[in-house]
Structures are given as C-alpha cells and as structure tokens.
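Each chain, letter by letter, is given below.
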Number of protein chains: 2
Amino acid sequence: MSAPNPIQPCGQSHQDCRNKDAIEALLERARQSGLRRTRALRDVVHILAEAGRPLTLADVAASRRLESRADPATVYRLLTKLEQKGLLRRLGLHQRAASYVMAFPGSHQDYLICTRCGSIEPLDIRCPVESLESLIAEQSGYSGLYHELEFFGLCPRCQAIQHPAS
Amino acid sequence: MSAPNPIQPCGQSHQDCRNKDAIEALLERARQSGLRRTRALRDVVHILAEAGRPLTLADVAASRRLESRADPATVYRLLTKLEQKGLLRRLGLHQRAASYVMAFPGSHQDYLICTRCGSIEPLDIRCPVESLESLIAEQSGYSGLYHELEFFGLCPRCQAIQHPAS
DNA sequence: GTAATTGCAAATCATTTGCTTCGTA
DNA sequence: TACGAAGCAAATGATTTGCAATTAC
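As a starting point, this report considers the structure included with it.

Regarding the pattern of salt bridges
Okay, so step 1: Under the definition given, this model contains seven salt bridges over all chains.
Okay, so step 2: Note that Arg37 of chain A is salt-bridged to Glu28 of chain A, the shortest N-O span being 3.8 Å.
Okay, so step 3: For Glu28 of chain A, a relative accessible area of 27% puts it in the partly exposed group.
Okay, so step 4: Here Arg31 of chain B and Glu28 of chain B are joined by a salt bridge, their closest N and O atoms 3.1 Å apart. With Arg31 of chain B and Glu28 of chain B both in helix 1 (residues 20–32) and three residues apart, the pair spans about one turn of that helix.
Okay, so step 5: Three or more residues joined by partner-sharing salt bridges are found here, namely Glu24, Glu28, Arg31 and Arg37 of chain A.

Laid out in structure tokens, this is it:
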C-alpha cells in the first residue's frame, strides 16, 4: 500500500482482496444491502473476486468454477444488482455502445462522466500519469503506450434528482 | 499546456484540435496511410473532431452535420480503419463485451492492456491520480468520485508477431 | 482500369426483458 | 408464506460481414 516500488505485476498487494475473508465480507455486504444468499450470487462473487481481473458477463457465466452453471440472464441481473449496490464496478464508459474520439497528435483528453445520466465532460487537467507511461513501457516491454483516464461520479444535476428506488 | 490551473471545462487548450488546419492534417495523414479521400471519410473526421468528445457509431452516423447521411456500416468501417491507422481512439477496454471487477473497499486497480490481443494485466502502481480526485470533486460538484486508469500498448508477444497486413 | 469504398441487407453477438417456477428469509 | 431470484425463451440493439454497384486514384 505504501511501498515506493510502483510497478509490479499484481502479485501480493491485492492478493488480500481474494482471500476468503474479503470475499465473505463482500457477500455479507451484499446480503445486508438486500440481496439473498443464493448459490448463484456466491458463485458470481467468488468467480469475479478470484479472477482478480476484469471479466465479461460471458466469462462469468461460462466459468465452470463452482458447480452451478448459471444462466447468463441470472448473471446479468446479479451483476447489475451488485453494481447498483456499489459492490462491483463495470469498466468503460458505462454505455452500451463503444465511443470514439479523434487522436490528435500530442493531445490527450481525460473525462468526467456521470454514472447516472452518462454525461461526459472533457477535463482540462494536467494529467499526472504521463510520467508513469515511460516507466511502465520500460518495465513491461509494451510498445506504443498510451493511457485512458476517466473520472466517474454523480453530476450535480443527478444528485438533485430523487433516486427512483434502491 | 503548461498553465498550473488544472481543472477547466475543456475550453481553449483543446480548441486548436478542432480547427480546420488540425482536421486537414488528420485527413492528410489518413490519405497518406492509404485511405481514399471520400466524402464519408471527410464527414466522419469532421464530425468527430468538432465534437471534441467521445461519440458512438450511431452518433456519427446520425449526425446531420455535412450533407451526407452515411450508412452505419460505412461509418463502422471508417472508424475501424482510422483506429487501425492510429488516427482514432476507441475508448474502453476494446472488447465488444463489457467487463466487470469486484469493488473491494479501499482497493483500486489500474490495468495494462494489449491493443492487439486484448490481454489485461493488473498493475500494482501507486496511482498518481488519487490526489486529483478530491480536487475535481470540489470543482465539479460531482459526488462519489472514483476513476479508471488504463494503459494500452502492444504487449511483447504481439510485437513479435508479424503484422497480418496494413 | 483497378482496387478500395459504399450502401443495403442479413448475420452475429452481447445485453436486456417477460414470465413462470423455485428458494430464501 | 411472500417476495426476491433463477431459468428459459424471446426481444433489443450494437456491431460486423457479404455482395453488388460505385468511385477515387
């Protein structure tokens, strides 16, 4: 958490996220936020937590880990609920369709995105990540490195709107 | 580019990206990388460049800007080619399906992703972005702020493979 | 003239919803 | 027992491909 060594394949420091206790805590949080302790829920959480990397819905549904082969629709609904409860994070711009931007040479853009209404504001920040890029390129052997940085949150307008339900 | 003021709605500093010269330069690069100067190409580049924010394929295809209403398939192929030439950036994990990760409290994960094979490596970097979050939250009025940071590049294995074609 | 590009239609694939049955609280 | 969850099937929606007609070089 505080080691200065910035770049390592995620070996140790996140291992703790995948141990039984952390997973159990997640399940407990899930239950307390209203979800029932079903086998499918337990399986989905285990699969995702132990993967330690982003998985698609199909990945989760196809995983033969744990004996229940879950229906994609079930997995989908579980993922949706877990995301609504804040226990799960869906990567990307949170829209169903892919998004594109022109790549002007030398220009780089970061975004601020509302998790409810999906509005996207370009940010004119001095991106603090650039210096990391060369370091990562060097240590990982990747070429042509670039990055994407997005901030997500509830925009002021959406904060003012009543939550439809929980 | 060097102003210390870090957060502004992208007003000026990227405006230059959208002027005629920059767009013309993009089109020129496109032509030099083998694309023909068709109306659809010009329109797509104009639409994306002038939008200054991420657009979906449907956004581009539906844009009545410039007189040619382009077929989604045509737009799709243009976007694909522009991306292959490095003139365009597709946001997100570059997979067709959405990806999910468990949100362990207090843990945050950044990724290194190969643009060719799609492999995803979790990075154990000390993320330099966290300090920005509170600043952005304050200035934007967004609540519940979090961020995603992904690095993209060609992984060593893919670098070794012959490019199928250009 | 030749090869890339377009447009239209159709195929794919991931996501999402309806509805009935099942299982947890 | 009541209400959320699961399973199955079907609808939706974005993306992707096939192919004939067109257009840029």
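Some thoughts on the sheet that holds strand 1 (residues 55–56) of chain A
Okay, so step 1: Taken in spatial order, the three strands of this open sheet run 1(A)-3(B)-2(A), and their pairing is antiparallel. On the outer flanks of this sheet lie strand 1 and strand 2 (88–90) of chain A, each paired with one strand and no other.
Okay, so step 2: Sheet topology note: the strand 2 of chain A/strand 3 (residues 99–102) of chain B ladder contains three bridges and is antiparallel. Counted as the bridge partner of Leu88 of chain A is Met102 of chain B from strand 3 of chain B.

What to know about the sheet that holds strand 2 (residues 88–90) of chain B
Okay, so step 1: The strand order across the open sheet formed by three strands is 1(B)-3(A)-2(B), and the pairing between neighbours is antiparallel. What marks the edges here is a single partner per strand, and that holds for strand 1 (55–56) and strand 2 of chain B.
Okay, so step 2: Alignment of strand 3 (residues 99–102) of chain A against strand 1 of chain B, held across two bridges, turns out to be antiparallel. Counterpart to Tyr100 of chain A in the pairing with strand 1 of chain B is Leu55 of chain B.
Okay, so step 3: Strands in contact with helix 2 (residues 39–51) of chain B are strand 3 of chain A together with strand 1 and strand 2 of chain B; relative to strand 3 of chain A, the strand with the most contacts, it is inclined by about 90°.

Section: the protein's contact with DNA strand C
Okay, so step 1: Taken together, the neighbourhood of DNA strand C is formed by 20 residues, with Arg36 and Tyr76 of chain A together with Thr38, Arg77 and Arg96 of chain B sitting nearest.
Okay, so step 2: A breakdown of the atoms of DNA strand C within 4 Å of the protein gives sugar and phosphate a share of 56%.
Okay, so step 3: Between DNA strand C and the protein, one listed contact pairs a base nitrogen with a side-chain N or O atom of Arg36 of chain A at 2.4 Å.
Okay, so step 4: Between a phosphate oxygen of DNA strand C and a main-chain N or O atom of Arg37 of chain A, the distance comes to 3.2 Å.
Okay, so step 5: Contributing elements (two or more residues each) for the surface near DNA strand C: helix 4 (72–84) of chain A together with helix 4 (72–84) of chain B.
Okay, so step 6: Here the element with the most residues in the surface near DNA strand C is helix 4 of chain B; it accounts for five residues.
Okay, so step 7: Grouping the constituent residues of the surface near DNA strand C by class yields nine nonpolar, two polar and nine charged.

Notes on the side chain of Glu148 of chain B
Okay, so step 1: Topologically, Glu148 of chain B is positioned in strand 6 (residues 143–154).
Okay, so step 2: Buried charged residue Glu148 of chain B carries no salt bridge. Nearest counter-charge: Arg89 of chain A, at 5.9 Å.
Okay, so step 3: Reaching out from Glu148 of chain B, the side chain makes a polar contact with the backbone nitrogen of Gly92 of chain A at a distance of 3.1 Å.
Okay, so step 4: If we skip the residues at most four places from it in the chain, Glu148 of chain B touches Arg90, Leu91, Gly92, His94, Glu148, Leu149, Glu150 and Phe152 of chain A.

Examining the interface of chain B and chain A
Okay, so step 1: Between chain B and chain A, the contact holds 84 residues from the first and 85 residues from the second.
Okay, so step 2: Carbon and sulfur atoms make up 63% of the surface buried where chain B meets chain A, a total of about 7,800 Å² over both sides.
Okay, so step 3: On inspection of chain B and its partner chain A, the count reaches zero salt bridges.
Okay, so step 4: There are 20 residue pairs in polar contact (both at pLDDT 80 or more) connecting chain B and chain A.

A word on the protein's contact with DNA strand D
Okay, so step 1: Around DNA strand D, 21 residues are found, and the nearest of them are Thr38, Arg77, Arg96 and Ala98 of chain A together with Tyr76 of chain B.
Okay, so step 2: Each atom of DNA strand D within 4 Å of the protein belongs either to a base or to sugar and phosphate, the latter forming 58%.
Okay, so step 3: Between DNA strand D and Ala98 of chain A, the relevant distance is 2.9 Å, taken from a phosphate oxygen to a main-chain nitrogen or oxygen of the residue.
Okay, so step 4: For DNA strand D, a base oxygen lies 3.1 Å from a polar atom in the side chain of Arg77 of chain B.

Conventions and cut-offs
Residues numbered from 1 in each chain as written. Chains lettered and ligands numbered in written order. Predicted model: local features only at pLDDT ≥ 70, side-chain atom pairs only at ≥ 80, totals over all residues. Heavy atoms only, no water. Salt bridge = Lys/Arg side-chain N within 4 Å of Asp/Glu carboxyl O. Buried < 20%, exposed > 50% of the residue type's maximum accessible area, 1.4 Å probe, protein only. Helix = DSSP H or I, 4+ residues; strand = E, 2+ residues; numbered from the N terminus. Pairing = 2+ DSSP bridges. Contact = heavy atoms within 4.5 Å. Axes fitted to C-alpha atoms, helices over the stretch in contact; angles between N-to-C directions. Near = heavy atom within 4 Å. Polar contact = N/O pair within 3.5 Å; in protein donor to acceptor, adjacent residues only side chain to side chain. Nonpolar A, V, L, I, M, F, W, Y, C, P; charged D, E, K, R; others polar. Lys, Arg positive; Asp, Glu negative; His and termini not counted. Buried area = accessible area lost by both parts, 1.4 Å probe.

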